[in-house]
Amino acid sequence: MVVKAAAFRLERLASPIGELALVLDAEGRLRTLGWTDLEDRWRRDLKVRHGADLPLEPARGRSRAAEALEAYFAGDLTALDALPVEPGGTAFQRAVWSALREIPPGTRLTYAQIAARLGRPAALRAVGHANGANPISLVIPCHRLVGADGSLTGYGGGLDRKAWLLAHEGVALG
(Lines give C-alpha, C1' and ligand atoms only; values in the text may rest on other atoms or scores of the structure.)
Protein backbone atom coordinates (compact mmCIF):
# COMPACT_ATOMS: atom_id res chain seq x y z
CA MET A 1 0.00 0.00 0.00
CA VAL A 2 1.65 3.26 -1.13
CA VAL A 3 0.93 6.28 1.03
CA LYS A 4 1.69 9.92 0.41
CA ALA A 5 5.13 10.66 1.90
CA ALA A 6 3.91 13.80 3.69
CA ALA A 7 1.57 11.62 5.73
CA PHE A 8 4.40 10.10 7.80
CA ARG A 9 5.74 11.56 11.03
CA LEU A 10 8.80 10.51 13.00
CA GLU A 11 8.89 10.57 16.78
CA ARG A 12 11.78 9.46 18.95
CA LEU A 13 11.40 8.05 22.42
CA ALA A 14 13.94 7.13 25.08
CA SER A 15 13.49 3.70 26.64
CA PRO A 16 15.42 1.68 29.23
CA ILE A 17 16.99 -0.37 26.41
CA GLY A 18 17.68 2.27 23.79
CA GLU A 19 16.04 5.02 21.84
CA LEU A 20 13.03 4.09 19.72
CA ALA A 21 11.87 5.59 16.43
CA LEU A 22 8.13 5.65 15.82
CA VAL A 23 6.83 6.27 12.31
CA LEU A 24 3.15 7.19 12.28
CA ASP A 25 0.74 7.99 9.49
CA ALA A 26 -1.72 10.88 9.43
CA GLU A 27 -4.30 8.76 11.29
CA GLY A 28 -1.83 8.05 14.12
CA ARG A 29 -1.33 4.40 13.16
CA LEU A 30 2.14 2.98 13.71
CA ARG A 31 3.81 2.08 10.43
CA THR A 32 7.23 1.32 11.89
CA LEU A 33 8.69 1.01 15.37
CA GLY A 34 12.41 0.36 15.51
CA TRP A 35 15.57 1.08 17.43
CA THR A 36 17.43 4.22 16.37
CA ASP A 37 20.77 2.39 16.43
CA LEU A 38 19.30 0.21 13.64
CA GLU A 39 17.87 3.13 11.64
CA ASP A 40 19.31 2.03 8.29
CA ARG A 41 17.37 -1.24 8.59
CA TRP A 42 13.95 0.25 9.34
CA ARG A 43 14.37 3.03 6.78
CA ARG A 44 15.17 0.42 4.10
CA ASP A 45 12.08 -1.52 5.16
CA LEU A 46 9.91 1.61 4.86
CA LYS A 47 11.26 2.16 1.36
CA VAL A 48 10.47 -1.42 0.34
CA ARG A 49 6.96 -1.37 1.83
CA HIS A 50 6.01 2.08 0.55
CA GLY A 51 7.93 2.31 -2.72
CA ALA A 52 10.00 5.45 -2.22
CA ASP A 53 12.38 7.26 0.05
CA LEU A 54 10.04 8.84 2.52
CA PRO A 55 10.73 12.20 4.04
CA LEU A 56 9.64 11.88 7.63
CA GLU A 57 8.26 15.03 9.20
CA PRO A 58 9.05 15.58 12.87
CA ALA A 59 6.15 14.68 15.14
CA ARG A 60 4.10 17.52 16.49
CA GLY A 61 3.52 16.87 20.16
CA ARG A 62 3.39 13.52 21.92
CA SER A 63 1.57 10.70 20.14
CA ARG A 64 -0.75 8.18 21.74
CA ALA A 65 1.79 5.53 20.72
CA ALA A 66 4.61 7.25 22.62
CA GLU A 67 2.41 7.57 25.70
CA ALA A 68 1.50 3.88 25.51
CA LEU A 69 5.15 2.86 25.13
CA GLU A 70 6.10 4.97 28.15
CA ALA A 71 3.33 3.27 30.14
CA TYR A 72 4.55 -0.17 28.98
CA PHE A 73 8.11 0.56 30.11
CA ALA A 74 6.73 1.90 33.43
CA GLY A 75 5.04 -1.46 34.06
CA ASP A 76 1.61 -1.31 32.37
CA LEU A 77 2.21 -4.37 30.22
CA THR A 78 -1.13 -4.11 28.42
CA ALA A 79 -0.68 -0.46 27.39
CA LEU A 80 0.28 -1.44 23.82
CA ASP A 81 -2.63 -3.82 23.20
CA ALA A 82 -5.08 -1.39 21.60
CA LEU A 83 -2.65 0.77 19.62
CA PRO A 84 -3.64 1.03 15.96
CA VAL A 85 -1.04 -0.32 13.54
CA GLU A 86 -0.70 -0.52 9.77
CA PRO A 87 2.23 -2.83 9.09
CA GLY A 88 1.47 -3.58 5.43
CA GLY A 89 2.79 -6.98 4.43
CA THR A 90 1.36 -10.03 2.71
CA ALA A 91 -1.82 -11.74 3.86
CA PHE A 92 0.26 -14.44 5.57
CA GLN A 93 2.52 -11.91 7.31
CA ARG A 94 -0.51 -10.01 8.54
CA ALA A 95 -2.01 -13.24 9.90
CA VAL A 96 1.22 -14.02 11.77
CA TRP A 97 1.45 -10.47 13.13
CA SER A 98 -2.18 -10.62 14.24
CA ALA A 99 -1.48 -13.91 16.04
CA LEU A 100 1.53 -12.31 17.74
CA ARG A 101 -0.65 -9.50 19.07
CA GLU A 102 -2.83 -12.14 20.74
CA ILE A 103 0.07 -13.44 22.87
CA PRO A 104 -0.42 -11.94 26.33
CA PRO A 105 2.48 -10.22 28.09
CA GLY A 106 4.44 -12.63 30.24
CA THR A 107 3.83 -15.48 27.81
CA ARG A 108 6.18 -16.97 25.30
CA LEU A 109 5.23 -19.24 22.44
CA THR A 110 7.18 -21.15 19.83
CA TYR A 111 7.09 -20.72 16.07
CA ALA A 112 5.36 -24.12 15.88
CA GLN A 113 2.61 -22.96 18.21
CA ILE A 114 1.92 -19.90 16.05
CA ALA A 115 1.95 -22.03 12.89
CA ALA A 116 -0.56 -24.41 14.52
CA ARG A 117 -2.78 -21.51 15.61
CA LEU A 118 -2.86 -20.39 11.98
CA GLY A 119 -3.90 -23.87 10.86
CA ARG A 120 -0.59 -24.35 9.03
CA PRO A 121 1.51 -26.54 11.32
CA ALA A 122 4.19 -27.14 8.68
CA ALA A 123 4.74 -23.41 8.09
CA LEU A 124 7.45 -22.97 10.75
CA ARG A 125 9.92 -21.27 8.42
CA ALA A 126 7.25 -19.01 6.96
CA VAL A 127 6.25 -17.96 10.47
CA GLY A 128 9.91 -17.29 11.23
CA HIS A 129 10.30 -15.14 8.12
CA ALA A 130 7.13 -13.20 8.88
CA ASN A 131 8.25 -12.72 12.47
CA GLY A 132 11.62 -11.44 11.24
CA ALA A 133 9.93 -9.01 8.84
CA ASN A 134 7.79 -7.46 11.58
CA PRO A 135 8.09 -3.67 11.13
CA ILE A 136 6.46 -2.74 14.45
CA SER A 137 8.43 -4.44 17.21
CA LEU A 138 7.10 -4.38 20.77
CA VAL A 139 3.53 -3.52 19.69
CA ILE A 140 3.52 -6.58 17.45
CA PRO A 141 5.38 -8.57 20.11
CA CYS A 142 7.77 -10.73 18.12
CA HIS A 143 10.00 -10.90 21.20
CA ARG A 144 7.49 -13.36 22.71
CA LEU A 145 8.47 -16.11 20.23
CA VAL A 146 11.19 -18.53 21.27
CA GLY A 147 12.80 -21.64 19.86
CA ALA A 148 11.21 -25.09 20.22
CA ASP A 149 13.47 -25.77 23.22
CA GLY A 150 12.54 -22.46 24.88
CA SER A 151 15.79 -20.77 23.94
CA LEU A 152 15.96 -17.18 22.83
CA THR A 153 16.18 -17.02 19.07
CA GLY A 154 16.76 -14.10 16.72
CA TYR A 155 15.37 -10.68 17.47
CA GLY A 156 15.94 -7.74 15.14
CA GLY A 157 16.79 -5.49 18.09
CA GLY A 158 19.31 -7.98 19.51
CA LEU A 159 19.01 -10.85 21.97
CA ASP A 160 19.94 -8.61 24.93
CA ARG A 161 16.86 -6.48 24.26
CA LYS A 162 14.70 -9.57 23.76
CA ALA A 163 15.86 -10.97 27.10
CA TRP A 164 15.19 -7.62 28.80
CA LEU A 165 11.68 -7.38 27.34
CA LEU A 166 10.75 -10.91 28.38
CA ALA A 167 12.14 -10.35 31.89
CA HIS A 168 10.26 -7.03 32.06
CA GLU A 169 7.08 -8.97 31.30
CA GLY A 170 7.84 -11.51 34.03
CA VAL A 171 9.07 -14.40 31.91
CA ALA A 172 11.63 -16.51 33.76
CA LEU A 173 14.67 -17.03 31.55
CA GLY A 174 17.31 -19.66 31.88
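Summarised in this report is the structure supplied together with it. It should be emphasised that the depicted structure is a prediction, and the values quoted were computed from it without experimental measurement.

Conventions adopted
Residues numbered from 1 in each chain as written. Predicted model: local features only at pLDDT ≥ 70, side-chain atom pairs only at ≥ 80, totals over all residues. Heavy atoms only, no water. Helix = DSSP H or I, 4+ residues; strand = E, 2+ residues; numbered from the N terminus. Rg over C-alpha atoms; globule rule 2.2 N^0.38 Å. Buried < 20%, exposed > 50% of the residue type's maximum accessible area, 1.4 Å probe, protein only. Contact = heavy atoms within 4.5 Å. Pairing = 2+ DSSP bridges. Core = buried A, V, L, I, M, F, W, Y, C linked by side-chain atoms within 4.5 Å. Polar contact = N/O pair within 3.5 Å; in protein donor to acceptor, adjacent residues only side chain to side chain.

### Digging into the overall build of the protein chain
So, step 1. Helix and strand counts for the protein chain stand at six helices and six strands.
So, step 2. Listed by position from the N terminus, the elements making up the protein chain come as β-β-β-α-β-α-α-β-α-α-β-α.
So, step 3. Against the compact-globule benchmark of 16 Å for 174 residues, the protein chain has a radius of gyration of 16 Å, which places it among compact chains.
So, step 4. Based on the C-alpha atoms only, the size of the protein chain along its principal axes is roughly 45 × 35 × 25 Å.
So, step 5. When the 174 residues of the protein chain are sorted by exposure, 47% land in the buried category.
So, step 6. Restricting the contact set of the protein chain to residue pairs at least 6 apart, pairs at least 24 apart contribute 55%.

### Examining unusual backbone geometry
So, step 1. With a phi close to 75°, L138 is a non-glycine residue in the positive phi region.
So, step 2. On the secondary structure map, L138 appears in the loop between α5 (124-132) and β6 (145-146).
So, step 3. Judged by relative accessible area, which is 2%, L138 ranks as buried.

### Some points on the sheet that holds strand β3 (residues 30-35)
So, step 1. Spatially, four strands are ordered β3-β2-β1-β4 in an open sheet, and the strand pairing comes out mixed. Pairing within the sheet leaves two strands with one partner each, and these edge strands are β3 and β4 (57-58).
So, step 2. With five bridges joining them, strand β2 (residues 20-24) and β3 adopt antiparallel strand pairing. For V23, the partnering residue across the bridge sits in β3 and is T32.

### Some thoughts on the pairing of β2
So, step 1. Taken across its five residues, β2 has five buried, putting it largely inside the fold.
So, step 2. Burial of β2 is two-sided: the residues L20, L22 and L24 facing one way and the residues A21 and V23 facing the other way are all buried.
So, step 3. As consecutive antiparallel partners, strand β1 (residues 9-13) and β2 are separated by six residues, and within that stretch G18 has a phi angle of approximately 125°, a positive value.
So, step 4. Taking the residues between adjacent antiparallel strands as the criterion, β2 and β3 are bridged by five residues, where G28 takes a positive phi near 85°.

### Things to note about the nonpolar core
So, step 1. Within the largest apolar cluster, 38 residues are counted, with the highest numbers of intra-cluster contacts made by L20, L22, L30, L69, L100, I114 and L138.
So, step 2. Those elements that place two or more of their residues in this core are β2, β3, α2 (64-73), α3 (91-101), α4 (111-117) and α5.
So, step 3. At six residues, α2 tops the list of elements feeding residues into this core.
So, step 4. Discounting residues that sit within four places of it in the chain, L30 has contacts with L22, V23, L24, A65, L83, P84, V85, E86, I136 and V139.
So, step 5. In this structure, W42, L46, L54 and L56 belong to the second largest nonpolar core, which totals eight residues.

### Focus: the environment of R31
So, step 1. You can see R31 is positioned in strand β3.
So, step 2. Taking the C-alpha atoms as reference points, R31 and D45, 14 residues apart in sequence, are found 10 Å from one another.
So, step 3. Within polar-contact distance, the side chain of R31 engages the side chain of D25 at 3.0 Å.

### As for the side chain of R161
So, step 1. Note on placement: R161 falls in helix α6 (residues 159-168).
So, step 2. Apart from residues no more than four positions distant in its own chain, R161 is found in contact with I17, G18, W35, D37, L38 and Y155.

### Here's the deal with the side chain of S137
So, step 1. Looking at where S137 falls in the secondary structure, it is placed in the loop between α5 and β6.
So, step 2. For S137, the side chain forms a polar contact with the main-chain oxygen of L33, separated by 3.2 Å.
So, step 3. Residues within four places of S137 in sequence aside, it is in contact with L33, W35, C142 and Y155.

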